[in-house]
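Residue-level listing of the chains:
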Amino acid sequence: MPNAAAVAHHTISATIPTLPARAGAGFKEQHADAILSDAYRIGFLEVHAENYMGDGGHPHRILTRMREDFPLSVHGVGLSIGSPAGLDLQHLARLKAVVDRYEPAMVSEHLAWSTHDNQFFNDLLPVPYDAETLARVCEHIDQVQDRLGRRILLENPSTYVAFEATTMGETDFIRAIANRTGCGLLLDINNVYVSATNHGYAALDYLADFPTKLVEEIHLAGHAEDQDDTGQPLLIDSHDRPVDSIVWDLYDHVLAATGPCPTLIEWDNDVPDWPILKREAELADAILARHDQTAGGLRHGG
Amino acid sequence: MAAEPVASGAFAAALLDPALSVPDGLTKRAGDTNARRFAVYRNNVMVSLTDALASIFLTVQNLVGEEFFRAMARLYIRAHPPRSPLIFTYGGDFAAFISAFPPARDLPFLADTARLERLWLDSFHSTDSRSLDPAALAAIPPDDLGQLRFNAHPATRILRCGHAAATIVNRDRAGEPLTDVNPMQAEDALVTRPAFDVKVQLLPPGGYAFLKALLEQQTLAEACEAAFAETAKSDLAALLGIALSSGAFSGLDYVCANNGAEP
C-alpha cells in the first residue's frame, strides 16, 4: 500500500511542468494546425489517455508535436476505477506507458466504472456511495498512484440514477477518497449542475460541501436537456455544445473559493472548428484573469 | 432492499439487453420508474459504440447507408460487445458477423470490405519503423539473393479477398464513384504504412503468395517458388519491385559473409 506523502513527493520533479491556471482545450487532432498557428496560445491541452495507447503512427506523431509547445494533461476514460472487480492491470500498464512517454503535467481519471465481466461499455457508469465501494475505489486509486509513481486527480461524475445502497453524500464520498488516498480532485462543474438537476438538489449546496481546497483542475462542458418519466428536466452530459450560462456562473462562484485554477473546455461530440472552441477558452481565460486580480496574483494549482 | 445492481452485474446486463427491465436497487423519485433515466446509459453505450464502428468501417457504412449500418451495428454490439477499453481495436469479428447477417446476403462484398477496413486501422496504429531502402539489395552478392530474408514493417498487412474490396475502399475513401466497379472481382490487397499514411494497393498475380512467404520470413527463393506455384503469370521483377518500394518491409535479414555487419 503506497504512502500518500511518498506518492506526493514523487510528483515534485523539475522535468514535469505544471498546468498553468489558464484555459485549456480537449485536444482533437483536426485542430492541431490551427492551434499551432494561432496567435492565441491555449494554456494547455488535455487528451483521453486511451486514444494514445496504440503502438505508433499519426496519433503519437501529432501529440509529440503538440507536447513540445503546450503543457499536457492526460485524462483516462477506461480504467474503470469504480469497478466491483479488480483493476485491469494490463490497462494500468498501458496508462503508465502513456504517462512515461509524455510526462504530462496532470493525470486524471473518473469516479465511475466502464468494464464489467470483461465487457467494455465505453461510458462512465455510476457507483453507489457506500463503505464497500469506498474501500474498493480507494484500493484502486492507491494501486494507480503506486504504479504511476504520482498522484492523480479524480473527477466527480454526472449521473442519471442513484442507488438504494448509497449511505453517504457524493461530496462526503469524494472527500473520504481524497483523504484516504492523497489523490487530488478534478471538479467538473457541468457534472455538478447535471447531477444536481437530475437528483433535485442545489448545485450551490453541493459546491459548498465540496472539498474545493483539493481541486487542482476544473472541467467545463455543454449539456443537453431531456425529461425524466415525470416530465422533470433530465440533463445529459453531452459535451456537444457551448458551456451553459448557468455553468459559467457556477464557475465564477467556484473560482471565488479556489482562486485561478487550470480549466478545461471539453467538447467531444459534434466537435466544432477551432475558433468556436477557442471562443469558449477565451471566455474562461477572461474569468480567470478577473479572479487572478482579486487573488492578488496568487496562483492555485500551478 | 434489492441487491446492489453494480456489484451483482444487473446494471451491466441491462445496458445492452433492451428486453431486460431497469435494474432493481435504484432509488425512485415519486412517479418515476427510472425508465428514461436508465435509457440515458443505454443510449450512451449504444451510440458511442455505434459511432466507434462507423468511424472504423467508413466504407461499409457508405455502401449500405447510415440507417442499415446502424441497425446492423446495434445487433453486432449486443452479440459482440467490446472486450477492451481500446475502442480503436473493436470490430475484429465484424466482418464474420456481416457474412452471417441475412439482410446483407445480397452484398457479398461487404464482409471483405469490413475485413480490409479493420486491417487499415490496425496498420494506422502499428509501431513506427523505418522502411527498407530499395538500394540495400544492390549491396548483396547475386549468389546470396535467393537466401535473403526480409523483415516485415510492423504496419504491413495482406488480405486475399473474393471481392473487389481494395478498389472499393480506395475509391470510396478518395470520394470517387463506384459505379463502374465490379464488386465480384477477386482482389488481393497489400496494406502498408511506410511513414504515417496508410496505403492500400492491389497486388498483381502471384503477389499474395510472394509477399505472404516473405512476411513469414521465408527466403526470397522460397517466395518466388510460392508465387509460381500459385500462378505462372507471376512477374518476379514486378513482385520484387513491390517488395522493395512499397514500404512493406523495414529491412533485410542478411549477414554479410565478410564482416558480419548488416548491409
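Caption draft 1: A look at the pairing of strand β4 (residues 106-110) of chain A. All names here are of chain A. A large share of β4 lies buried, amounting to five of its five residues. Burial along β4 is two-sided: the face carrying Met106, Ser108 and His110 and the face carrying Val107 and Glu109 are both buried. Crossover strand β3 (residues 72-75) to β4 through helix α4 (residues 89-102) is right-handed. The sheet contact formed by β4 and strand β7 (residues 153-155) spans three bridges and is parallel. Residue pairing for β7: glutamate 109 is matched across the bridge by leucine 154.

Caption draft 2: Spatial organisation of the sheet that holds strand β4 (residues 199-202) of chain B. Residue and element names in this part refer to chain B. Taken together, three strands build an open sheet; the order of strands is β2-β3-β4 and the sheet is antiparallel. Edge strands, defined here as strands with exactly one partner in the open sheet, are β2 (157-161) and β4. Within this sheet the neighbouring strands show an average axis-to-axis angle of 20°, counted without direction.

Caption draft 3: Up close: the packing of helix α5 (residues 131-148) of chain A against helix α6 (residues 170-181) of chain A. Residue and element names in this part refer to chain A. Running from N to C, α5 and α6 point in directions that differ by 40°, and their axes come no closer than 10 Å. It follows from the interaxial angle that α5 and α6 lie oblique. In terms of crossing hand, the pair formed by α5 and α6 is right-handed. Touching Thr133, Leu134, Ala135, Val137, Cys138, Ile141, Asp142 and Gln145 of α5 are Phe173, Ala176, Ile177, Arg180 and Thr181, all from α6.

Caption draft 4: Just the domain arrangement of chain B, in detail. Residue and element names in this part refer to chain B. Domain annotation for chain B reports domain 1 (1-107) and domain 2 (131-263). Centre-to-centre, using C-alpha coordinates, domain 1 lies 39 Å away from domain 2. Contacts between the two partners involve five residues from domain 1, matched on the other side by five residues from domain 2. Summed over both sides, the interface between domain 1 and domain 2 buries roughly 380 Å², with carbon and sulfur atoms accounting for 52% of that surface. The tally of links between domain 1 and domain 2 comes to zero salt bridges. The interface formed by domain 1 and domain 2 includes two residue pairs in polar contact (both at pLDDT 80 or more). The element that contributes the greatest number of residues to the side of domain 1 that touches domain 2 is helix α4 (residues 58-64), accounting for four residues. Taken together, the residues that form the side of domain 1 that touches domain 2 break down as three nonpolar, two polar and no charged.

Caption draft 5: Representation of the environment of A:Asp226 within the structure. Locating A:Asp226 in the fold gives a position in strand β10 (residues 224-227). Accessibility expressed as a relative area gives 31% for A:Asp226, which makes it partly exposed. In sequence terms A:Asp226 and A:Leu185 are 41 residues apart; their C-alpha atoms lie 29 Å from each other. Leaving out residues up to four positions away in the same chain, A:Asp226 has contacts with A:Gln232, A:Pro233, A:Leu234, A:Ile236 and B:Arg36. Engagement of the side chain of A:Asp226 in a polar contact is seen with the side chain of B:Arg36, the distance being 2.9 Å.

Caption draft 6: Inspection of the confidence of the model for chain B at higher detail. On average, chain B scores 95 in pLDDT, and the residues at 70 or more come to 96%. For this predicted complex, the interface confidence reaches an ipTM of 0.93, while the overall pTM sits at 0.93.

Caption draft 7: The interface of chain A and chain B, seen in detail. Each partner contributes residues to the interface: chain A has 45 residues there, and chain B has 46 residues. Across the chain A to chain B interface the summed buried area is about 4,100 Å²; carbon plus sulfur atoms make up 61%. Summed over the three residues of chain A that lose the most area to chain B, namely A:Phe120, A:Glu164 and A:Asp229, the buried surface amounts to 16% of that side. Linking chain A to chain B there are 22 residue pairs in polar contact (both at pLDDT 80 or more). Secondary-structure elements contributing two or more residues to the side of chain A that touches chain B are α3 (58-69), α4, β5 (113-116), β6 (119-125), α7 (189-199), β10 and β11 (233-236) of chain A. If you tally residues by element for the side of chain A that touches chain B, the top one is β6(A), at seven residues.

Definitions and cut-offs
Residues numbered from 1 in each chain as written. Chains lettered and ligands numbered in written order. Predicted model: local features only at pLDDT ≥ 70, side-chain atom pairs only at ≥ 80, totals over all residues. Heavy atoms only, no water. Buried < 20%, exposed > 50% of the residue type's maximum accessible area, 1.4 Å probe, protein only. Helix = DSSP H or I, 4+ residues; strand = E, 2+ residues; numbered from the N terminus. Right-handed = clockwise from strand over helix to strand, strands pointing away. Pairing = 2+ DSSP bridges. Axes fitted to C-alpha atoms, helices over the stretch in contact; angles between N-to-C directions. Parallel < 35°, antiparallel > 145°, perpendicular 65-115°, else oblique. Left-handed = near helix turned anticlockwise from the far one by under 90°. Contact = heavy atoms within 4.5 Å. Domains from an automatic or database assignment. Buried area = accessible area lost by both parts, 1.4 Å probe. Salt bridge = Lys/Arg side-chain N within 4 Å of Asp/Glu carboxyl O. Polar contact = N/O pair within 3.5 Å; in protein donor to acceptor, adjacent residues only side chain to side chain. Nonpolar A, V, L, I, M, F, W, Y, C, P; charged D, E, K, R; others polar. pLDDT = per-residue confidence, 0-100.

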